[in-house]
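# Descriptive structure summary
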Amino acid sequence: MAYFTGDWSRFEQGRLGGPAKGAYGDNNKFAVLLVITFPFLLFGFFFCKNVVLKTLTVVGMMLVIHCIFLTGSRGALLALGSSVFICSRSIKSRFFSYAIVVAFIAVVILQAQGTLNRGKEVVRNNEAEEVMNPRIKSWTVGMKLMTHYPILGTGLYRFREASFFHYPGETPHVAHNTLITFTVSSGIVCGFLYLYLFYRSYKMRQEVIRKAKPDTLIVYAANSSFAALIGFFVGAIFLDMMIFEPFYYLIMLLTATYFLQNHINNPDNVTENKKG
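The shown structure was predicted, so the numbers you read here are calculated from the model rather than taken from an experiment. (Residues numbered from 1 in each chain as written. Predicted model: local features only at pLDDT ≥ 70, side-chain atom pairs only at ≥ 80, totals over all residues. Heavy atoms only, no water.)

Turning to the packing of helix H9 (residues 178–186) against helix H10 (residues 188–211), a few remarks are in order. Two numbers describe a pair of packed helices, the interaxial angle and the distance between the axes. Taken N-terminus to C-terminus, the directions of H9 and H10 make an angle of 145 degrees; their axes are 6 Å apart at the nearest point. Between H9 and H10 lies a crossing of right-handed hand. Counting all contacts with H9, which are made through Thr178, Leu179, Phe182, Thr183 and Ser186, the residues of H10 involved are Ile188, Cys190, Gly191, Tyr194 and Leu195. For the contact of H9 with H10, a count of residues per class yields 6 nonpolar, 4 polar and no charged. (Axes fitted to C-alpha atoms, helices over the stretch in contact; angles between N-to-C directions. Helix = DSSP H or I, 4+ residues; strand = E, 2+ residues; numbered from the N terminus. Left-handed = near helix turned anticlockwise from the far one by under 90°. Contact = heavy atoms within 4.5 Å. Nonpolar A, V, L, I, M, F, W, Y, C, P; charged D, E, K, R; others polar.)

In structure tokens, the structure reads:
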């Protein structure tokens, strides 16, 4: 509503924020939430046959991209680029595949100057360097904490307490990286399992694409959820999003398409299991 009503109270230092109450009030997390909706709109354009629905998906994509630019999140911009690249690789038409990438680059150059300028300021301005340093310091402290708690970790969201105890004064912040948060909180095995989720998601998506008929709802859901997961993964490099419900919803959606497609291809196995 703030977007349409011009409610400038939703902007903080020129950056659009998320809902005031809830888990997505932070503009960076709100931007990642928008990123993971984009593949569903993009693939929806090719999946929907109705002209009205196609038009709505185009309008939705334009609004989502512009809102991401308004948040000023550089990590979300990288995440969106990664997601768009995965989408382009999943589209059969070579023309549309290249056109999507070229259009995205053109839109970023023409419309994302505010976000790009923030990146330039980080490099040029010494004051802006202080914004980067906490994230880099948090990553460094996180890597060192892994050596202290490699098996069981520090416990959920105990990163700050552990960093204060072992490395006082180095960083007062959280890990600013989801992989580091998982690993420090619950041990190295948990960190590998987090990465394995993305590997397994890729394998499930490839299996669905190989077995399913093109242009079906299952293929649409599998492609959209996987591209959204890639967007989340890139955004999570810069943010602490261990508790981010859409990530787990995407995993469940992709897993559902995998088992549903297996059921369609092998209905006799399910019937035999029920009889047994």
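The structure having been displayed, the exposition proceeds.
Our next topic: the pattern of salt bridges. Tallied over the entire structure, the rule returns 2 salt bridges. Put simply, Arg210 and Glu207 hold a salt bridge, and the shortest N to O gap is 2.8 Å. Of this pair, Arg210 and Glu207 both sit in helix H10, 3 residues apart, which is roughly one turn of that helix. Among the residues examined, Arg210 registers a relative accessible area of 60% and is labelled exposed. We classify Glu207 as partly exposed; its relative accessible area is 22%. The shortest N-O distance in the salt bridge between Glu207 and Lys211 comes to 3.0 Å. Here Glu207 and its partner Lys211 are both found in helix H10, 4 residues apart, which amounts to about one turn of the helix. (Salt bridge = Lys/Arg side-chain N within 4 Å of Asp/Glu carboxyl O. Buried < 20%, exposed > 50% of the residue type's maximum accessible area, 1.4 Å probe, protein only.)

Quick look at the confidence of the model for the protein now. On average, the protein scores 85 in pLDDT, and the residues at 70 or more come to 84%. Per-element confidence in the protein is highest for helix H11 (residues 217–235), whose mean pLDDT is 96, and lowest for helix H13 (residues 267–275), whose mean pLDDT is 55. (pLDDT = per-residue confidence, 0-100.)

What follows is about the nonpolar core. Counting residues in hydrophobic clusters, the biggest one holds 57 residues, and the most contacted among them are Phe38, Leu80, Phe232, Phe244 and Phe247. Elements represented by at least two residues in this core include exactly helix H2 (27–47), helix H3 (51–71), helix H4 (74–90), helix H5 (94–111), H10, H11 and helix H12 (245–265). The dominant element in this core, judged by the number of residues it contributes, is H11, at 11 residues. Contacts of Phe244, omitting those with residues within four sequence positions, involve Tyr24, Lys29, Val32, Leu33, Ile36 and Phe232. With 9 residues, the next largest nonpolar core counts Val141, Ala162, Ala175 and Ile180 among its residues. (Core = buried A, V, L, I, M, F, W, Y, C linked by side-chain atoms within 4.5 Å.)

Helix length check: H10 (24 residues) gives 35 Å between terminal C-alpha atoms against 34 Å at 1.5 Å per residue, within 8%. Burial in H10 covers these residues: Cys190, Gly191, Tyr194, Phe198, Ser201, Met204, Arg205 and Val208. (Expected span 1.5 Å × (residues − 1).)

Below, the discussion takes up a nonpolar patch on the surface. A cluster of nonpolar residues, Val189, Leu193, Tyr196 and Tyr199, forms a patch on the protein surface that exposes about 440 Å² of accessible area. Looking at where Tyr196 falls in the secondary structure, it is placed in helix H10. (Patch = residues over 30% accessible without salt bridge, like charges linked within 9 Å, V, L, I, M, F, W, Y side chains within 5 Å. Areas by Shrake-Rupley, 256 points an atom, 1.4 Å probe, with all protein chains shown as cover.)

Once that is clear, we can look at the packing of H2 against H12. Contact pair H2 / H12: the axes reach a minimum separation of 11 Å and the direction vectors enclose 25 degrees. Here H12 runs roughly parallel to H2, going by the angle between their axes. Residues Leu33, Ile36 and Phe40 of H2 form the contact with H12, whose own contacting residues are Pro246, Leu250 and Leu253. A per-class count over the contact of H2 with H12 returns 6 nonpolar, no polar and no charged. (Parallel < 35°, antiparallel > 145°, perpendicular 65-115°, else oblique.)

Counting across every chain of the model gives 18 aromatic pairs. The ring of Tyr258 carries the charged tip of Arg200 above its face, separated from the ring centre by 5.5 Å. (Phe/Tyr/Trp six-rings, centres within 6.5 Å; stacked < 30°, edge-to-face > 60°. Lys NZ or Arg CZ within 6 Å of the ring centre and 35° of its normal.)

It is worth spelling out H11 at this point. Three or four residues apart is the spacing at which side chains of an α-helix point the same way, because the helix has 3.6 residues per turn. Look at H11: 27 Å from first C-alpha to last across 19 residues, which is about the 27 Å you get at 1.5 Å a residue. Buried residues dominate H11, accounting for 17 of its 19 residues.

Our focus in this paragraph is the side chain of Ser90. By the secondary structure assignment, Ser90 is in helix H4. Assessed through its relative accessible area of 19%, Ser90 is described here as buried. At 2.9 Å, the side chain of Ser90 and the backbone oxygen of Ile86 are in polar contact. If we ignore the near neighbours within four places in the chain, the residues touching Ser90 are Phe43, Arg205 and Asn223. (Polar contact = N/O pair within 3.5 Å; in protein donor to acceptor, adjacent residues only side chain to side chain.)

This part is about unusual backbone geometry. Positive phi, normally seen in glycine, also occurs at Tyr157, with a value near 50 degrees. As for its placement among the helices and strands, Tyr157 is situated in the loop between helix H7 (126–148) and helix H8 (159–166). Assessed through its relative accessible area of 37%, Tyr157 is described here as partly exposed. Although it is not a glycine, Asp215 sits at a positive phi angle of roughly 60 degrees. With respect to the helices and strands, the residue Asp215 is situated in the loop between H10 and H11.

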